[in-house]
Each structure stands twice: as C-alpha cells, then as structure tokens.
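Observations on the three-dimensional arrangement
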Amino acid sequence: MIENRRFSLGGAEVRQAGSLRMAIERAVGPGALRWYVTAARHNELVVEATIDTTAASAPRETPAGPGELPFRAGKTAVLSIIPTGVGCSIGGYAGDAAPATSLLAATADYLVTNPNAVNASDFISLESNVLYTEGLCIDLLAKGEIELYVPFSNRVGLIVERSEPAALDAVFNVVNTVRAVHGVDIVDCVVTPRPIGTRCIKNPSGSFVGTLDHPEVLFDACRRLIDAGANAIAVTSHIQDLPPDDYVQHFAGVGGAPNPMGGVEAVLSHLIVDRFRVPAAHAPLLNQKELDLLDHVVDARAGGEMSSVSGLACVLIGLRRAPQIARTPRLRAIDVLNVNNLLAVVAPASCLGGIPVLCAVDRGIPVIAVTANETILSVDRTALNIADAVIEAQSYAEAAGLLLALRCGISPDSITRPLETKRHRRSLIMAVEEPRIGRRAAR
C-alpha cells in the first residue's frame, strides 16, 4: 500500500542524529520511496514522504559504509536535480530544462539528471553524456549505495495500462516510430488486464505526489517483461484525479503552478526501481487536451506536452541508454561511476531539502543553488542551516561557470569580489598597534 505522510522534526532530533539527512531518515523509517523537506521554520522541519508499507525490496548492493565504493579515476560527473511536482520555473513543464541541462553537461564528462528535466513527449533533447537517471537511482547514488553503469544500450519493456482501442493505436504508433527512427530495442509490450489506478494527490505544501490503486498489476507486468529479457521498464497509463484548475494554471504558466502529474509519475517509477533494480520511467498514455484554456497557445515551457498526442516517445528514447544500477551477469557497460566522481550537485535554491543535496552536504561535495529556478517551496540554505556548504548562483549560466572553476581546481572565492585578505598573526597585531604608535608620535 502506498501512503503519503507528513513528519515534523525539531532541532534536538537533528543534533542527536548527527546530520539533517540522518534525522529525517530516522523519522521517516523504512519503506520510504521518497521524501523532501517542504518547510523549515522556528526550529522545526516539515517533511513530506511517500511510504511503501508493504516493501519487500530486492537485495541491494550496499557497501559497508561511506567511502567503501571504489574510486573510478578519470571521469567527472555533475548531478543536476530538477525536482518534480514543486513548480520549478525551469524544468517544471515539458523538458524545458533541456537547454540548461545541455549547458551543464558541457562542463563535465557526465551530467546525471532525472528524466523530467528533458522529457517533452514527442520532443527530447539529450546530449550523449547526459545520463537519464530515475529519481530513486539518483538518491541511491548520492547515498553511496550503488554505482551507475553506462550501457551500450538497454532492452526496453513497455507496460501499457488497459485502455480503449483508439488510445492503444496511438501508443503503438509511438512504439513503432521510436523503433524505426531512433533504433530503440523494445523487447515486448504488455497491456495490463486491469487498470493500474495511478492517482494524483496534492500535499498540504501545494506540491503533488500520488498513489496506485493496484500496484500488483504493475509488478506482474514488470516480471513478465524482465522474464522476456527487458532490463529497462517504460510505463504509460492514465492519471486519475487530476485537478483541472491546477492543470489549466500550469499550462498557462501562472504563479509557478506545478505539473499535477509529476509527483505520481515519480512514485510509480520509484516503486519499480525499488522492487526490480532496473531503470524505469512513466509517461501519460494520452496527454490531457480537453481543458478550459483561455488561450490554446500555451506557455512556451508546456508546448511539448500540448503538441503531442502521448507522453511516451521521450521516455522510450531516454531509457535506451539509461544507466543500470545492478551488476548482473549479462551487464555490458561502456563506463561506470559513483558518488566519488561527483564534482558538484546543482539544484534550485528554494528546494534544497531533498536526499541528493543533503547527502552531498554530509560528504563535503559542493552544492550549487540556482536562485533563478524558483519553486513553490522556501527551503533554502539559510532555512536548513547549511549556508557554508552551498554556493549560490543567479542562473544556470553562472552555475556552469562555477562548475568549470571547480573542475579546474579554482576556488570560487578567488573569482568573486570582495576578496578576503588573509593575514598571519604578526600582521594582525601590527594592524592593531600601528594606530596606537601613530597617536603616541603625535603627542
């Protein structure tokens, strides 16, 4: 059963646990698929979490402790987080973070990011060194629990929720197009015998999450596809309980209205990764078009979704080379990297309370917070008391410059002004004594 819960933590709990991340994980407990801080005020943290109460995860390749993963020399990676369901002004729509993602990717050997940063239904912009990485995989990477294996290609299996024939026709036209045009290896497609029941839920914070009525339908289909040879899972389904007013505001780009579908898509893909240890991603079976829109030319950031029949194409293309996280006998990888390769983590400045950022703080990995990427939250470096570990950048262009500085071994402090003057002890004493000497001479 999937449950969405809220937790409240005080400062004493954080101090006792030793770090903010560890305190949250103690409070949330086992079975958490995802969590993030939604408010930080008056010595209190509010955390919203999605829990799988019947979790029976596959065995994990977990090291004995921090630093146990090997150093994969010679490769640098940047982790760019575009949280879903919180109204990111850059990346909260339909692949509109792709230009920023491509820019950041130019600063490192690999750019690791979550699918919604580049997904745009029929449109996807994915540089060859961008690793299309599901959110739970990113969390496990940041915790140091897994490595990312960059494959030559994946064998993609597709789960299609039971639907009317016209919708299935649209989906299979997409399937055949990405096979013919992009060369995606789709080993099998399973149409579920019953609905999955994917439902949208709005949290008290205003962010969106979700639940599934029948996760067993999803799991049965996953097993069939894996038995058929799939090592990546795409899912396309109808999302129920979408609030029409919120969705209209989202398409109009009003007030940072979050995409209501993003949160439940993350819950579904997290479930698959947690149970089966393969990359996964979800897409709406048919994009919502029958909305009471004042202007049918929608906000530019949402154009990819509005101009596509289904959301599926970008997911199938992205999963073609999505990194694997399980080292199986049949794994064939071009490269491998882990948390030791991370040059920095980049995230919106008002949404720093997620697992990747807090793990980076614990490990001393630089965090670059982009203030231009606004969200509906106000969880910044000051609210979390992590200002010393976070570098603020006004834009993704500035973040790219900071990443280049870090890669070149240049301290960001040295390229900003004012530049602090360091003094040895005697110089400090003389700076105090010289005015006194001057006053004595004047007498």
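Refer to the structure presented above.
Figured I'd write up the structure that's included with this text. (Residues numbered from 1 in each chain as written. Predicted model: local features only at pLDDT ≥ 70, side-chain atom pairs only at ≥ 80, totals over all residues. Heavy atoms only, no water.)

Quick word on the overall build of the protein chain
Here is the rule: Helix and strand assignments come from DSSP, with helices taken as H or I runs of at least 4 residues and strands as E runs of at least 2, each series counted from the N terminus. For the radius of gyration, the atoms used are the C-alpha atoms, and the globule rule reads 2.2 Å times the number of residues raised to 0.38. The contact criterion used throughout is that any non-hydrogen atoms of two residues lie within 4.5 Å. Only the protein chains shown count as cover for residues, with accessible areas throughout obtained via the Shrake-Rupley method and a probe of 1.4 Å. For the purpose of charge, His is not counted, nor are the chain termini; Lys and Arg are scored as positive and Asp and Glu as negative. For this purpose, a charge sits on NZ of Lys, CZ of Arg, CG of Asp or CD of Glu.
Along its length, the protein chain carries 13 helices and 20 strands. Relative to the 2.2 N^0.38 estimate, which gives 22 Å for 443 residues, the radius of gyration of the protein chain is 23 Å and therefore close to what a compact globule would have. Viewed in the frame of its principal axes, the protein chain has a C-alpha envelope of about 100 × 55 × 40 Å. Taking the contacts inside the protein chain whose residues are at least 6 apart along the sequence as the reference set, 73% of them involve residues at least 24 apart. For the protein chain, the computed accessible surface area is about 19,400 Å², with 51% contributed by carbon and sulfur atoms. Each charge sign in the protein chain was given a centre, from 40 positive and 46 negative side chains, and these centres are 10 Å apart.

Structural notes on the sheet that holds strand E13 (residues 208–212)
Stated precisely, the cut-off is as follows: The pairing criterion for strands is at least two bridges between them, as found by DSSP. Structural elements are reduced to axes, namely lines fitted to C-alpha atoms, with helices fitted over the stretch in contact, and the angle between N-to-C directions of any two is expressed from 0 to 180 degrees.
In spatial order, the strands read E13-E12-E15; together these 3 strands make up an open sheet with mixed pairing. Since the sheet does not close on itself, it has two edges, and those belong to E13 and strand E15 (239–240), each with one partner. Relative to E15, strand E12 (residues 198–202) is paired through 2 bridges, and the arrangement is parallel. The residue bridging Thr 198 from the neighbouring strand is Ile 239, located in E15. Where helix H8 (residues 262–276) meets the sheet, it contacts E12, E13 and E15, and its direction lies at approximately 50 degrees from that of E13.

Brief notes about the sheet that holds strand E18 (residues 342–348)
In spatial order, the strands read E8-E5-E4-E18-E19-E20; together these 6 strands make up an open sheet with parallel pairing. A single partner strand is all that each edge strand has here, and the edge strands are strand E8 (130–132) and strand E20 (390–393). Each adjacent strand pair in this sheet contributes to an overall mean axis angle of 25 degrees, direction not counted. Bridging between strand E19 (residues 367–370) and E20 involves 4 bridges; their strand directions are parallel. When the bridges of E20 are listed, Ala 369 appears paired with Glu 392.

A closer look at the environment of His 214
Heads up, the rule is: Per-residue accessibility, obtained with a 1.4 Å probe over protein chains only, is compared with the maximum for each type, and a residue is labelled buried under 20%, exposed over 50%, and partly exposed between these values.
Relative to the elements of secondary structure, His 214 occurs in the loop between E13 and helix H6 (215–227). With a relative accessible area of 29%, His 214 lands in the partly exposed category. Expressed as a C-alpha distance, the spacing of His 214 and Ile 196, which sit 18 residues apart in the sequence, is 5.1 Å. If near-sequence neighbours (up to four positions away) are discounted, His 214 is found in contact with Arg 194, Pro 195 and Ile 196.

A few points about the pattern of salt bridges
What counts, and what does not: Each reported salt bridge corresponds to a side-chain nitrogen of Lys or Arg within 4 Å of a carboxyl oxygen of Asp or Glu.
Per the stated rule, a full pass over the model turns up 18 salt bridges. Between Arg 21 and Glu 25 there is a salt bridge, with its nearest N and O atoms 3.3 Å apart. Of this pair, Arg 21 and Glu 25 both sit in helix H2 (residues 20–28), 4 residues apart, roughly one helical turn. Taking the shortest distance from any N to any O, the salt bridge between Asp 52 and Arg 275 comes out at 3.0 Å. Of this pair, Asp 52 sits in strand E3 (residues 44–52) while Arg 275 sits in helix H8; the two residues are 223 residues apart in sequence, bridging distant segments of the chain. On the basis of relative accessibility, which here comes to 3%, the residue Asp 52 falls in the buried class. Residue classification places Arg 275 among the buried residues on the basis of a relative accessible area of 16%. One continuous salt-bridge network, built from bridges that share partners, spans Arg 21, Glu 25, Lys 143 and Asp 362.

From the geometry alone we can't say anything about function, so treat these as descriptive.
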